[in-house]
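Architecture at a glance
Residues per chain, in single letters:
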Amino acid sequence: MEKAIDRRLRRAGVLVLIGLGFEAASLFWNPPFSFFLFIIGSGLFVVLGILVFLYSLVSRGESAAADADAAGEGLRQAQGASLKP
Amino acid sequence: MIGPLSLLIAMIAVAAVLCLLLIFRPAITVSRGGKMLAFVSLFVFPVLCLTMGASEHMEYSKSTAFCLKCHVMEDYGKSLHIDDASFLPAAHYQNNRVPRGQACYTCHTDYTMFGTMSAKLRGLKHVYVQTLGKIPDKLALYTPYNNRECLHCHGGARSFEEGAIHNLEPDRIAKIKSNELSCLSSGCHESVHNIAGLKEAKFWEEVKSNGEGN
């Protein structure tokens, strides 16, 4: 079962990767507009990715509790199923 | 020698690989080393890439090639090659009095505390107008050209301080230095880009140099 923090890390990774893609495109494609592509495309996605990553760090307590609840619920369901005749 | 652009591309590639690793294997962050890897991949490298990318774009925006990428600047680029020493931009460009790679920026930036920043902001506005706005029929400077930009290089130079015309009147030099009398005044250095006269002008063919005396 995937943990909440793993999902957030994936999302952060995807956002940063998209931002890096925009940055590489803006460096190879050189009309004056490429600077706006860098700021809006790359800057926005990379900053969002960093924020999602930082949020995943500070929300570890909440996600650990959510993961524990989900694991406990799964265990109860498994025990309930095993006790049925 | 690896240039800054090559280094930046390499950094982006490394950052992308690290991001892919975290996307496909987020569970590696369970260990201490994995946590450090996540921090480097999702914070340190992206911040470095953004900073270096911004610097690279800033440097490129100073180049003559960047300025001349807009169609509206085509005639101004041609005026740098006018074969007439009385035309200021042409004389400066052809004799390497300004770096050819940053010819436009050298003269059209204010040499004050926020000079480079205000030049950049004006440039952003120009890109916006070029892309989304309406380009005016006649281009003009926002404010009259300040002598400060000329005196940044020519101030203190013997040819300026001891020039016969500059010392024709006792207070002429003082008026020039205080911007009371423009360097571009009629009868002085008034020939600038001369866009209107380009059709009749003769042009100098630029000799490409590799910067090493060849």
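Residues numbered from 1 in each chain as written. Chains lettered and ligands numbered in written order. Predicted model: local features only at pLDDT ≥ 70, side-chain atom pairs only at ≥ 80, totals over all residues. Heavy atoms only, no water.

**Comments concerning the interface of chain A and chain B**
Cut-off, in case you're wondering: Contact between two residues is taken to exist if any of their heavy atoms lie within 4.5 Å; hydrogens are not considered. Throughout, the accessible surface (probe 1.4 Å) given up by two parts as they are put together, summed over both, is called the buried area. The term salt bridge refers to a pairing of a side-chain nitrogen on Lys or Arg with a carboxyl oxygen on Asp or Glu at a separation within 4 Å. Polar contact criterion, stated in full: a pair of N or O atoms within 3.5 Å, where within protein one must be able to donate a hydrogen and the other to accept it, and residues adjacent in sequence count only if both atoms are side-chain atoms. Numbering of helices and strands runs from the N terminus; a helix is a DSSP stretch of H or I covering at least four residues, while a strand is a stretch of E covering at least two.
The interface of chain A with chain B comprises 30 residues on the first partner and 35 residues on the second. Counting the surface lost from both chain A and chain B, the interface buries some 2800 Å², and carbon and sulfur atoms represent 83% of this. Viewed at the interface, chain B and chain A are joined by zero salt bridges. Run the count over chain A and chain B and you get two residue pairs in polar contact (both at pLDDT 80 or more). Residue assignment for the side of chain A that touches chain B shows that the elements contributing at least two residues are helix H1 (4-28) and helix H2 (34-58) of chain A. With 14 residues, H1(A) is the single largest residue contributor to the side of chain A that touches chain B.

**A short note on the packing of helix H1 (residues 4-24) of chain B against helix H2 (residues 32-61) of chain B**
Residue and element names in this part refer to chain B. Worth spelling out the cut-off: Convention adopted: a line fitted to C-alpha atoms gives each axis, helices being fitted over their contacting stretch, and angles between N-to-C directions are expressed from 0 to 180 degrees. Between 65 and 115 degrees an angle is taken as roughly perpendicular, under 35 as roughly parallel, over 145 as roughly antiparallel, and anywhere else as oblique. In this scheme, a crossing is called left-handed if the near helix is turned counterclockwise away from the far one by less than a right angle; it is called right-handed if the turn is clockwise. We call Asp, Glu, Lys and Arg charged. Ala, Val, Leu, Ile, Met, Phe, Trp, Tyr, Cys and Pro are nonpolar, and the rest, Gly among them, are polar.
Running from N to C, H1 and H2 point in directions that differ by 150°, and their axes come no closer than 9 Å. If you check the angle between H1 and H2, you find them roughly antiparallel. The handedness of the crossing between H1 and H2 comes out as left-handed. Judged by residue contacts, Pro4, Leu5, Leu7, Leu8, Met11, Ile12, Val14, Ala15, Leu18, Cys19, Leu21 and Leu22 of H1 engage Leu37, Ala38, Ser41, Leu42, Phe45, Leu48, Cys49, Met52, Gly53 and Glu56 from H2. Residue composition of the contact of H1 with H2, grouped by class: 19 nonpolar, two polar and one charged.

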